[in-house]
Amino acid sequence: MSVAVIGGGVVGLTAAHRLATAGRSVVVVDPAPRTGGGSWVAAGMLAPVTEAWLGEEAVLALGTAALDAWEPFARELGGDIGLRPHGTLAVAFDAAEAADLRRLADFLESRGRAVRRLTGRELRALEPGLGAVRSGLDVPGDLSVDTRKLLTRLDAACRAAGVRFVDRRAVGLVPGGVLLDDPGDPENPENSTVDCDAVVVAAGAWSRDLHPALADLVRPVKGEVLVLRARSRSLPPPTRTVRAHVDGRSVYLVPRAGGHLVVGATQQDVGFDTEVTAGGVADLLADAERVLPGVRDYELVEAAAGLRAGSRDNLPLVGVLEPGVVVATGHHRNGVLMAPLTAEAVAALVLGGPVPGPVAAAAPSRFGGVV
């Protein structure tokens, strides 16, 4: 069986690797695999517990199952992917935010999730660089990963497993294959398609243009992020990921090796705009400084923007669209987290095996209009 995976981000590459190691002939179709999509600028939080909220039990169950798959996946993949096991702190600056975190803790504890309630003093004992936080939660089971190391390793692992890459843009599906953009060579029309027995649509926000069933189910959500680096005279970054709300805006600070700190992320429904804005940078810097005052002295290494693939209900879309066509998109903030579990589900859907239980909630048939 031959499989074409449309999309060379973290979900597409993980699925391609899983299928290739299962003995299938796999081709990845993407004009800029590894570096061209939102995965390259993602912060790499593997934190389903602090993403969860009341009414999102299915999201929490899926995210928790995905987190459980991560360490075995990392061992299987091998190499340095910057996996950090230090957990997450969710912090509050005022009484209203503290009340929100208490409700979150109650919800998580009702679902059997480990969480520790801390005072501001206890939080600063764990992370001395924190600002004037009032209280917070320690979630010890969360992980984080360096997405660029991960994508580089996935790319190499795919090639080693025999995955072929077509650095072109898919513009649609045709019977028995994938239609590519104009190759500029009318004398070789065969270059306009990739023939295959099955297709996996994993093109993130761009998936909406590849199948009519996805047109109203997937939307681009822009996110801007910063990469900072502690200088020699700066306070070091925190050991743990830190999450907070500042003036109603969500902000997270994710440490990486070499004194780096990823700060994100703005969230805007502005179509396929991927330009970094002055306002986005200003907000992220101001919010980061509120959480960790010492970042004012950090070097600004990079400002970038990417597109998440949003869905209607914050659950991804993982399932069969029609015979021979599987979708794996709509992961929103959790694409990196859910990649190993999604790849397992994709392989099952393509090869006819059992789909992991929690993934059943992500079937696109929940919206009707697909098989």
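Residues numbered from 1 in each chain as written. Predicted model: local features only at pLDDT ≥ 70, side-chain atom pairs only at ≥ 80, totals over all residues. Heavy atoms only, no water.

A.B. asks: Kindly report on helix α5 (residues 95–110), identifying the contributing residues and their values.
C.D. replies: In this model, α5 (16 residues) spans 22 Å end to end at C-alpha, consistent with the 22 Å of a helix rising 1.5 Å per residue. Those residues of α5 that sit buried are E97, A98, A99, L101, L104, A105, F107 and L108. Among the structural elements, α2 (48–51), α3 (57–68), β4 (88–92), β5 (116–119), β6 (135–139) and β14 (241–246) are those in contact with the buried residues of α5. Two or three places before A96, at the opening of α5, D94 has a side-chain oxygen 3.2 Å from that residue's backbone nitrogen. One or two residues past the end of α5 sits G112, with phi positive at roughly 80 degrees. (Helix = DSSP H or I, 4+ residues; strand = E, 2+ residues; numbered from the N terminus. Expected span 1.5 Å × (residues − 1). Buried < 20%, exposed > 50% of the residue type's maximum accessible area, 1.4 Å probe, protein only. Contact = heavy atoms within 4.5 Å. Polar contact = N/O pair within 3.5 Å; in protein donor to acceptor, adjacent residues only side chain to side chain.)

A.B. asks: Before we move on, can you summarise the layout of surface pockets with the specific residues and values?
C.D. replies: Of the volumes computed, that of the second largest pocket is approximately 690 Å³. In terms of lining residues, the second largest pocket is bounded by 29 residues, among which R243, A244, H245, S250 and V251 are the most central. Every element with two or more residues in the lining of the second largest pocket is listed here: α2, β4, α5, β14, β15 (249–256) and α8 (278–291). (1 Å grid on protein atoms, 1.4 Å probe; cavity = no way out; pocket = protein on both sides within 12 Å on 5 of 7 lines; lining within 4 Å. Points joined across faces, edges and corners; volume = space filled by probe spheres on them.)

A.B. asks: Before we move on, could you go through the pattern of salt bridges and cite the residues and values that matter?
C.D. replies: Scanning the entire structure with this criterion turns up 19 salt bridges. A single salt-bridge network, built from bridges that share partners, covers D106, E109 and R117. (Salt bridge = Lys/Arg side-chain N within 4 Å of Asp/Glu carboxyl O.)

A.B. asks: Go over unusual backbone geometry with me, naming the residues and quoting the values.
C.D. replies: Across the junction of G264 and A265, the peptide omega takes the value -15 degrees, indicating a cis bond. Its location among the elements puts A265 in the loop between β16 (260–264) and α8. With a phi angle near 80 degrees, R34 is a residue other than glycine that sits in the positive phi range. Looking at where R34 falls in the secondary structure, it is placed in the loop between β2 (25–29) and β3 (45–46). With a relative accessible area of 27%, R34 lands in the partly exposed category. The phi dihedral of H332 is positive, around 50 degrees, even though this residue is not glycine. Structurally, H332 can be placed in the loop between β19 (325–329) and α9 (335–351).

A.B. asks: Go over the side chain of H331 with me, naming the residues and quoting the values.
C.D. replies: When you line up the elements, H331 lands in the loop between β19 and α9. Only 2.9 Å separates the side chain of H331 from the side chain of T342, close enough to count as a polar contact.

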